[in-house]
Amino acid sequence: MNRILPIAGALLIATLGATAANASAATDAWVAKTKAALQAKVEAAGLADDGKVVKIKVRLDYAGAEAVQVAQTSGSADFDNAVKSAAKEADVPRPPSELVGRSVTFTLGQP
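Residues numbered from 1 in each chain as written. Predicted model: local features only at pLDDT ≥ 70, side-chain atom pairs only at ≥ 80, totals over all residues. Heavy atoms only, no water.

Side chains Val54, Ile56, Val58 and Leu60 of strand S1 (residues 53-61) all project onto a buried face; the interleaved residues Val53, Lys55, Lys57, Arg59 and Asp61 project onto a face where none is buried. By the bridge criterion, seven bridges tie S1 to strand S3 (residues 103-109) in an arrangement that is antiparallel. Residue Ile56 lies in a different strand from S3, and its bridge partner there is Phe106. The pairing of S1 with strand S2 (residues 64-72) spans seven bridges and is classified as antiparallel. Residue pairing in the sheet places Val58 in a bridge with Val68 of S2. (Buried < 20%, exposed > 50% of the residue type's maximum accessible area, 1.4 Å probe, protein only. Helix = DSSP H or I, 4+ residues; strand = E, 2+ residues; numbered from the N terminus. Pairing = 2+ DSSP bridges.)

Pairing in this open sheet of three strands is antiparallel, and the strands run S2-S1-S3 from one edge to the other. The strands lining the two open edges of the sheet, one partner per strand, are S2 and S3. Recorded for the sheet is a direction-independent mean angle of 30° between the axes of neighbouring strands. (Axes fitted to C-alpha atoms, helices over the stretch in contact; angles between N-to-C directions.)

As C-alpha cells, then:
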C-alpha cells in the first residue's frame, strides 16, 4: 500500500505537467494568431508602411479583448491612436483560459 501513494503522486505530477505543456502551446498559438489578426488590421488601415512601431497592451476577458491601450508610443500620438483604434476593431479570437484576466503586449507596425 505504501508503494501505491508514490506512484499515484507521480502520475498526478505527470498529468499536471502535460496540462501545463498543452496550455503553453495553446497560449503560444493564440498569441501568434492574435498578433497576425492585429497586424492585418493595422495593414488594412494603411498604417503599416509609415515606418513606425507601437506597442499595445490588450487586456483579456472570456470573449477576447476587453481593453486596448498604448504600452509604448511610436512617437506620434496620431499613429498610436490610429493603431489602437484598428486593434479595437480586430477580430481577436477567444483566449485560452490561462490568459483570461491578463494582459498581452503586441508590437505592431513596420520599422
